[in-house]
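If you want the building blocks of each chain, they are given just below.
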Amino acid sequence: MIPAAPAPLQHPAPRRWQAAWREAVRDPRELLAMLGLESLAVGWSEAAARQFPLRVPRGFVARMRHGDPADPLLRQVLPVLEEDRLVPGFSLDAVGDGAARRGGGLIHKYRGRALLVATGSCAVHCRYCFRRHYPYADDSAAAAGWHEAVALVAADPSLHEVILSGGDPLSLADHKLTELTEALRGIPHVRRLRLHTRLPIVLPERVDAGLLGWLHGLPWPVTIVVHANHANEFDPAVDAAMAALRATGASLLNQAVLLRGVNDSVDALADLCERGHAAGVLPYYLHQLDRVAGAAHFEVPDGEALSLHAALAARLPGYLVPRLVREIAGEPGKTPLQAAIGRIAPAE
Ligand SMILES: *Cc1c(COP(=O)(O)O)cnc(C)c1O
Ligand code: SF4
């Protein structure tokens, strides 16, 4: 056996999650080869991959079914030809974030709570995401050293809840997160902290001792809203991550997006809600897709969405049924789909 060379002392070993992050699959050809699929059969698109590159952690790929081009996890991440079609009504700023941006990465749309675009980075690139066109690179709160965002929160006593979003806020290192929460600590009207993150699902390695220590030390009730769209996204590593997060006292909720070919059946939705519950996560929102350019093939028509939701409510206990909502620019909160119908201007 050859003795290993000693590691250079000045470089601490990268944290396990950071290594897993960097090793994400970024080449569609590699992803398809790992799954035993032919490029032609799945219709992946170079152009779509250029506009919004593929990115998927290896642990998430391991939860995909080998040899199945219709796998619901694969469909969420693979750039495909359908994205290249221009579809009327599907635009670049589908949810009116542009108008609600307050500077410093802060988006204040709803009463009492402000959303902080903490960073533009995500561990996974979801093809249906409205942020695929969002210019967060130049407007993220961490990039600006948090100062402007913290000052805006401090100046508005009506803000009781700060929501860390992105991108994915847990893509930031623990010391960056600590920097922010130390600054927020001094603001008496901040009563709640929320995280919107997909990392504990797609890269459960992120839930490590450092992150848990940070959560334990926070002075506010913490709500963590994770994002899983299909029961297959849960595996034993995700279960362990959820259990560890809950042990810090945080409440765990899930938001999902209703997606054609991923979870557009009563069985798939019921499985998702029950599987999440088994992991300690309650359903929160089921979002109607934001009409963002490149995502039209994921859309489930409103009428079908409402019947799926009614069938789900007839099958599960009330606490396992997510609220079916759509985001409409200018509304005071997420709008229940039933009320949203007819409020969206028809496509030209
Ligand atoms: C969705 C969202 C929130 C949170 O809404 P809740 O209904 O409280 O979950 C807050 N701010 C913005 C900008 C949002 O898009
Ligand atoms: S913001 Fe969330 S949904 Fe969008 S790409 Fe990142 S992880 Fe996916």
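Scope of this entry: the structure provided in the associated data block. (Residues numbered from 1 in each chain as written. Chains lettered and ligands numbered in written order. Predicted model: local features only at pLDDT ≥ 70, side-chain atom pairs only at ≥ 80, totals over all residues. Heavy atoms only, no water.)

1. Brief notes about the sheet that holds strand S4 (residues 161-165)
Line of reasoning, step 1. With mixed pairing, the ten strands of this open sheet are ordered in space as S1-S2-S3-S4-S5-S6-S7-S8-S9-S10. Two strands close off the open sheet at either side, each with one partner strand: strand S1 (101-103) and strand S10 (335-336).
Line of reasoning, step 2. Sheet topology note: the strand S9 (residues 323-326)/S10 ladder contains two bridges and is antiparallel. Within the sheet, the bridge partner assigned to valine 325 lies in S10 and is proline 336. (Pairing = 2+ DSSP bridges. Helix = DSSP H or I, 4+ residues; strand = E, 2+ residues; numbered from the N terminus.)

2. Notes on the site of ligand 1
Line of reasoning, step 1. Around ligand 1 sit Ile107, Lys109, Tyr110, Arg113, Leu115, Ile163, Arg194, Tyr284, Tyr285, Glu327 and Lys334, and that is every residue in its neighbourhood.
Line of reasoning, step 2. Between ligand 1 and tyrosine 284 there is a distance of 2.7 Å, counted from an oxygen atom to a side-chain nitrogen or oxygen.
Line of reasoning, step 3. For the shell around ligand 1, the secondary structure elements donating two or more residues are strand S2 (106-110), strand S3 (113-117) and strand S8 (282-287).
Line of reasoning, step 4. Broken down by element, the residue count for the shell around ligand 1 peaks at three residues, all from S2.
Line of reasoning, step 5. Looking at the shell around ligand 1, its residues break down into six nonpolar, no polar and five charged. (Near = heavy atom within 4 Å. Polar contact = N/O pair within 3.5 Å; in protein donor to acceptor, adjacent residues only side chain to side chain. Nonpolar A, V, L, I, M, F, W, Y, C, P; charged D, E, K, R; others polar.)

3. Some remarks on helix H13 (residues 266-278)
Line of reasoning, step 1. The end-to-end C-alpha distance of H13, which contains 13 residues, comes to 18 Å, matching closely the 18 Å that a straight helix rising 1.5 Å per residue would cover.
Line of reasoning, step 2. Among the residues of H13, Val266, Ala268, Leu269, Ala270, Leu272, Cys273 and Gly276 are the ones counted as buried.
Line of reasoning, step 3. Turning to H13, the residues buried within the fold contact strand S7 (251-257), S8 and helix H14 (302-315).
Line of reasoning, step 4. Where H13 ends, the next residue or the one after it, glycine 280, has phi of about 95 degrees, a positive value. (Expected span 1.5 Å × (residues − 1). Buried < 20%, exposed > 50% of the residue type's maximum accessible area, 1.4 Å probe, protein only. Contact = heavy atoms within 4.5 Å.)

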